[in-house]
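So the chains spell out like this:
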Amino acid sequence: VMYGSSQYLNLYKSVDGGENWYNINGNEMYSEEACFNGPFEIAPSDPNTMYAGAQSLHRSDDAGESWTNASLGFVADGDPILTVAIHPSNSDLVFCSTAPLFSNTARVLKVNAENVTQLSGLPNRLCMDIAFHPTTPGTVYAVFAGFNTQHVWQTTNDGATWTAIDNGLPDVPT
């Protein structure tokens, strides 16, 4: 099985090694704004569980064949999701970031079984990537773009508090 995407979160699936592809977008995703490189991820703990980010966080439990709105609506004033990370052993726990398309605030959010929490203590910059530590799941890393701010952040308590860990890296966008 192979997955791919084209601009604005058009998702495709192949079950024959890439010879043929078919669209797996849900109807609700088509009606939402998405980033040019709209994110989708497969859960490390279950290859049938996938998430895709538009203005809402969408979840599939059947390898992309059907989708539900995992965030129960828009996650951040309609701003589109920029990046998604799924907990290594708990496919109900997802971190995502947004691009400030409709607001002036870039956000990092924690979605846990449909509960969406905006995380604090991070810069108001585009979060370009989020990653869970593979063997210490409470540890999450977030990397930010822009100048005149710290760029690499770490939490060891599932996002309750964050610490900049740039350790002298140059002040350039990541």
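Preceding this paragraph is the structure being described.
Remember, it's a predicted structure, so these values are computed and weren't measured experimentally.

Peer 1: Would you mind showing me how to read the sheet that holds strand 13 (residues 140–144) here?
Peer 2: Paired through their backbone hydrogen bonds, the strands of a sheet run either parallel or antiparallel. With antiparallel pairing, the four strands of this open sheet are ordered in space as 12-13-14-15. In this open sheet, the two edge strands, each paired with only one partner strand, are strand 12 (127–132) and strand 15 (163–164).

Peer 1: I would appreciate a short explanation of the nonpolar core in the present structure.
Peer 2: Where a protein is soluble and globular, its nonpolar side chains tend to be buried together. In terms of nonpolar packing, the biggest core is built from 14 residues, with Phe 95, Val 108, Ile 130, Phe 144 and Trp 162 touching the most fellow members. Among the secondary structure elements, those contributing two or more residues to this core are strand 9 (93–98), strand 12 and strand 13. Beyond its immediate stretch of four places on either side in the chain, Phe 95 contacts Thr 83, Val 84, Ala 85, Leu 109, Lys 110, Leu 119, Ile 130, Phe 132, Val 140, Asp 158, Gly 159 and Trp 162. Ala 76, Ile 81, Cys 96 and Leu 109 belong to the second-largest nonpolar core, a separate cluster that totals 13 residues.

Peer 1: When you look at a nonpolar patch on the surface in this model, what are you seeing that I'm missing?
Peer 2: A cluster of nonpolar side chains, contributed by Val 1, Val 15 and Tyr 22, occupies part of the molecular surface with about 300 Å² of accessible area. When you line up the elements, Val 1 lands in the segment before strand 1 (2–6).

Peer 1: How should the packing of aromatic side chains be read in this particular structure?
Peer 2: Here the distance between the centres and the angle between the planes together describe a pair of aromatic rings. For the coordinates displayed, the defined rule picks out two aromatic pairs. Relative to Phe 36, the ring of Tyr 8 lies with its centre 5.3 Å away and its plane at 85°, an arrangement referred to as edge-to-face. Note that Tyr 8 is positioned in the loop between strand 1 and strand 2 (10–14) and Phe 36 in the loop between helix 1 (27–30) and strand 4 (40–42), a separation of 28 residues in sequence. Seen in terms of ring centroids, Phe 95 and Phe 132 are 5.3 Å apart; in terms of plane orientation they differ by 80°. Their pairing is edge-to-face. Highlighted residues: Phe 95 in strand 9 and Phe 132 in strand 12, separated in sequence by 37 residues. Neither Phe 95 nor Phe 132 differs from the other in exposure class; each is buried.

Calculation criteria
- Residues numbered from 1 in each chain as written.
- Predicted model: local features only at pLDDT ≥ 70, side-chain atom pairs only at ≥ 80, totals over all residues.
- Heavy atoms only, no water.
- Pairing = 2+ DSSP bridges.
- Helix = DSSP H or I, 4+ residues; strand = E, 2+ residues; numbered from the N terminus.
- Core = buried A, V, L, I, M, F, W, Y, C linked by side-chain atoms within 4.5 Å.
- Buried < 20%, exposed > 50% of the residue type's maximum accessible area, 1.4 Å probe, protein only.
- Contact = heavy atoms within 4.5 Å.
- Patch = residues over 30% accessible without salt bridge, like charges linked within 9 Å, V, L, I, M, F, W, Y side chains within 5 Å.
- Areas by Shrake-Rupley, 256 points an atom, 1.4 Å probe, with all protein chains shown as cover.
- Salt bridge = Lys/Arg side-chain N within 4 Å of Asp/Glu carboxyl O.
- Phe/Tyr/Trp six-rings, centres within 6.5 Å; stacked < 30°, edge-to-face > 60°.

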